[in-house]
Amino acid sequence: MSNKETATSIIKFVGGSQNISSLVHCATRLRFELHDSSKADREALKTLPKVLGVMDAQGQTMVIIGPTVNEMHAEIMQQLESGTVVEGAAAASSASPATDANGSKKSWFDKLLATISAIFTPYIPILATSGIIKGLIDILAQSGILPATSNTYLILAGAGNALIYFFPILLAFTASQKFGANPYIGAAIGAALMEPNITGITTTGNVIDFLGIQFTAMNFSSTVIPIILAIWAYSHLDKLLRRFLPKMLQFIFVPLLSMLIMVPLTLMVFGPVGGLLANLVADGYEFFLNSNVIIFNAIFGALFIYVIMLGIHWVVLPLQLSYLAEHGMEYSLASGGLGNYALLGVCLAVMVISKSKEEKTIASSSAFVNFLSGVTEPGLYGVVMKNKKYFISLTLGGLVGGIVCGVTKSYITNFAFTGLFGLPAFLSSPTATTYFIAVGATLAVSFFATILLSKQNIQFKKQKS
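Residues numbered from 1 in each chain as written. Predicted model: local features only at pLDDT ≥ 70, side-chain atom pairs only at ≥ 80, totals over all residues. Heavy atoms only, no water.

Attention now moves to the pairing of strand β6 (residues 213-216). Taken together, the four bridges between strand β5 (residues 207-210) and β6 define a ladder with antiparallel strand orientation. By the bridge assignment, Asp209 is partnered in β6 with Gln214. In this antiparallel pair of consecutive strands, β5 and β6, the connection spans two residues, and Leu211 shows a positive phi of 55°. (Pairing = 2+ DSSP bridges. Helix = DSSP H or I, 4+ residues; strand = E, 2+ residues; numbered from the N terminus.)

Spelled out as structure tokens, the structure:
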């Protein structure tokens, strides 16, 4: 079945193009927001050869494709934009209310998760590659090959640091899209906060003034919550202006008034309020971390892969990135990724013990993709879901690795996916040695636990027969 045929079938089985409110993708999943989620035929979607699984989370219907999700997303978008889609009988009106899989309205929590996901998802691949670049040049600098004062180092460091440093601009763009405002005006508001004249006076904690009104300044580089809060407010201003201004004046006066109003308001109100909220959340995160670093890492090691599986990691990721930007290191990004290696151990064990040629093929391809780039969905849905006992191995391996990370206080200094491609980001950490000991322990425990559980299952079947 070709990508074109699969894309057509996916559109049909999610209820037709009129039922699609929005579509984005992450590393392995197509993330549909549907006007009426009950219209989607999930069982039919699962029968498609190129679909690994279907799940509902954070107010989205997720169709799991795997590493070729980029091509599938492009094909679906092409068909939607060209208008060549043959609608299914289940297509819903674009005016239908947002509902979940049971036909009831989505909860505020689902909507919140869907919003965070839509804002952050487009930047995940470049976040990972930024970590790889920074990891590589850090390793070269530590080895003396590339001096940290050289122009080459500074240019490459700029490539690696750009996304995090200018995050307010990029988040403003996708947040504006999600909130239904002009994304280019939103990006300009974010860019104004990073403009040298403003960054020159907005040292965090300094008291500055605007039109004689004094307020406490904050620096917006690498921040997340303040700009999202500001763009949410801007989206309401945008709707208000378009409602009251004559159409002939909107072309000039909507962006003009938006910039004149929102940039000062963001500096004076939404920045400090967002900063306060961010600090409160960060304080809670740090309290949990500092209360018991071993338990903290053990929980992330054992359970974070399920958090990713359910799509709830969008709540945690901004905290992790903010902590990383502020402290230059992060614990849970190290221990949380161990679930991926636990899954790799399970897949490798299945390759060894399985007598089914099909199961061996699925396990080997899943292990290969996981080893290269840390992509977990093929292993989760192709291997672990087929035998619920493998969840024990998966959890146990991540738990042991997390405990090792906690005992040794291992952390990472750059964000990246696990696997071979992300190796430089993890090698650049001062605790790389103990981190990879945790990786080894995770692989060993999940591998041998899978073998032991499989043998017990075989013996049980023999006794039963």
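Additional details are given in the paragraphs that follow.
Bringing the packing of aromatic side chains into the picture now. Evaluated as defined, the whole model comprises 15 aromatic pairs. Here the aromatic rings of Phe288 and Phe296 are separated by 5.0 Å at their centres, their planes lie at 70°, and the arrangement is edge-to-face. Of the residues examined, Phe288 reaches a relative accessible area of 33% and is grouped as partly exposed. Put simply, the rings of Tyr285, Phe288, Phe296, Phe300, Phe304 and Tyr323 pair up and form one aromatic cluster. (Phe/Tyr/Trp six-rings, centres within 6.5 Å; stacked < 30°, edge-to-face > 60°. Buried < 20%, exposed > 50% of the residue type's maximum accessible area, 1.4 Å probe, protein only.)

Attention shifts here to helix α6 (residues 151-165). Since the α-helix turns once every 3.6 residues, residues separated by three or four places project in the same direction. The sharpest bend along α6 reaches about 35° and sits at Ala159. Residues of α6 that are buried: Tyr153, Ala157, Gly160, Leu163 and Ile164. Of the surrounding secondary structure, the elements contacted by the buried residues of α6 are α5 (124-142), α7 (167-179) and α13 (313-327). (Bend = angle between axes of the 7 residues up to and from the residue. Contact = heavy atoms within 4.5 Å.)

Under the counting rule described, the total for this entry stands at four salt bridges. Residues Asp56 and Arg42 are paired through a salt bridge, measuring 2.6 Å at the closest nitrogen-oxygen approach. With Asp56 in strand β3 (residues 53-57) and Arg42 in helix α2 (residues 42-46), this residue pair connects regions lying 14 residues apart in the sequence. Owing to a relative accessible area of 15%, Arg42 belongs among the buried residues under this scheme. For the salt bridge of Glu43 with Lys46, the shortest nitrogen-to-oxygen distance reads 3.7 Å. Highlighted residues: Glu43 and Lys46, both in helix α2, separated by three residues, approximately one helical turn. Overall, the relative accessible area of 54% leaves Glu43 in the exposed class. According to the relative accessible area criterion, Lys46 is partly exposed, its value standing at 41%. (Salt bridge = Lys/Arg side-chain N within 4 Å of Asp/Glu carboxyl O.)

Moving on, we come to the UniProt feature "active site" (unreviewed entry) in the chain. Here, UniProt's "active site" (unreviewed entry) annotation points to Cys26. Positionally, Cys26 belongs in the loop between β1 (20-25) and β2 (29-34). If we ignore the near neighbours within four places in the chain, the residues touching Cys26 are Arg31, Val69 and Thr121. (UniProt positions renumbered as here; feature names shortened; annotations may be inferred.)

Our focus in this paragraph is the nonpolar core. Counting residues in each nonpolar core, the largest one holds 79 residues, and the members touching the most others are Phe120, Leu127, Phe167, Leu171, Leu394, Phe415 and Tyr435. Leu171 has contacts with Ile119, Phe120, Tyr123, Thr223, Val224 and Ile227, leaving out every residue within four places of it along the chain. Ile11, Phe32, Ala44 and Leu48 belong to the second largest nonpolar core, which has 21 residues in total. (Core = buried A, V, L, I, M, F, W, Y, C linked by side-chain atoms within 4.5 Å.)

Right, let's get into unusual backbone geometry. The phi dihedral of Leu211 falls on the positive side, at around 55°, and the residue is not glycine. Relative to the assigned elements, Leu211 resides in the loop between β5 and β6. Positioned with a positive phi, Lys409 is a non-glycine residue whose angle comes to about 50°. One can find Lys409 in the loop between α18 (390-408) and α19 (423-427).

Before going further, it helps to examine the sheet that holds β3. Pairing within the open sheet is antiparallel, and its four strands lie in the order β1-β2-β4-β3. Only two strands of the sheet have a single neighbouring strand rather than two, namely β1 and β3. On average, each strand axis in the sheet is tilted by 20° relative to the strand beside it, whichever way the strands run. Pairing analysis gives four bridges linking β2 to strand β4 (residues 60-64), with the strands arranged antiparallel. Looking across to β4, one finds that Arg31 is bridged to Met62. Contacts from helix α3 (residues 69-82) reach β1 and β2, with the element oriented near 150° to β1. (Axes fitted to C-alpha atoms, helices over the stretch in contact; angles between N-to-C directions.)

The contact between α5 and α6 brings their axes to 8 Å, and the two run at 150°. What the angle tells us is that α5 and α6 run roughly antiparallel. Note that α5 runs across α6; the crossing there is left-handed. Across the interface between the two elements, Ile126, Leu127, Ser130, Ile133, Lys134, Ile137, Asp138 and Ala141 from α5 touch Tyr153, Leu156, Ala157, Ala159, Gly160, Asn161, Leu163 and Ile164 from α6. Residue classes in the contact of α5 with α6 are distributed as eleven nonpolar, three polar and two charged. (Parallel < 35°, antiparallel > 145°, perpendicular 65-115°, else oblique. Left-handed = near helix turned anticlockwise from the far one by under 90°. Nonpolar A, V, L, I, M, F, W, Y, C, P; charged D, E, K, R; others polar.)

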